[in-house]
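# An overview of the molecular structure
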Amino acid sequence: MLGTIKSNERIAPNFWAYEFTSVSSSDIPTLSPLFTYLLPWLQKTRDQFGYGIQPTSFYRNAIDNFRVGGSNKSAHLKAFAVDFKIPDLDNLKDKQKAVYEFLCSLPGIRCAWYKESQFFHIDCGTLLEPETYGAWKEIRNA
Ligand SMILES: [Zn+2]
């Protein structure tokens, strides 16, 4: 459940609420980062490339974050981050790299491309809590 938003509700031109709730812990503390930053960035990426974007992780409570091996300072713990895959680009590393470079161009974003696992992480930690979340953009060989 996403507060008062129904899971089958369209929350951006190419995104539905259930895509985020189904990959999150149930106790999402706030949705404002999703609507203010994360969804607009995801939609811009969708508009730029036209590929379907599949969220794989959004908010994680401490237990779920530990279970998936997330950092104890992970931006997912505050609902500041989304991980996603682009199924159309499976094994197309050059095209994934172009997506990563586009993400890097979005003002204020923190992002990573997990090159081996073929997914992306974006978060707005630097914009919301710069003292906790230093700016970074990186390609990770994981
Ligand atoms: Zn992540």
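It should be noted that the structure appears before, not after, this text.
Attention in this report is confined to the structure presented alongside it. (Residues numbered from 1 in each chain as written. Predicted model: local features only at pLDDT ≥ 70, side-chain atom pairs only at ≥ 80, totals over all residues.)

## Here we look at the environment of serine 32
Within the fold, serine 32 resides in helix α2 (residues 32-49). On the neighbour-count criterion, serine 32 (11 C-beta atoms within 10 Å) is exposed. C-alpha of serine 32 to C-alpha of alanine 135: the two residues are 103 residues apart in sequence and 20 Å apart in space. (Helix = DSSP H or I, 4+ residues; strand = E, 2+ residues; numbered from the N terminus. Buried ≥ 20, exposed ≤ 12 C-beta atoms within 10 Å, placed from the backbone.)

## Details of the nonpolar core
If you look at the biggest cluster of nonpolar residues, it comprises 27 residues, and the most contacted ones within it are Leu38, Val82, Phe120 and Ile122. For this core, the elements supplying multiple residues, two or more each, are α1 (17-21), α2, β4 (81-85), α4 (93-104), β5 (110-114) and β6 (119-123). Sorting elements by how many residues they give to this core places α2 first, with five residues. Dropping the residues within four chain positions of it, leucine 38 is found in contact with Pro33, Val82, Ile122 and Cys124. (Core = buried A, V, L, I, M, F, W, Y, C linked by C-beta atoms within 7 Å. Contact = placed C-beta atoms within 7 Å.)

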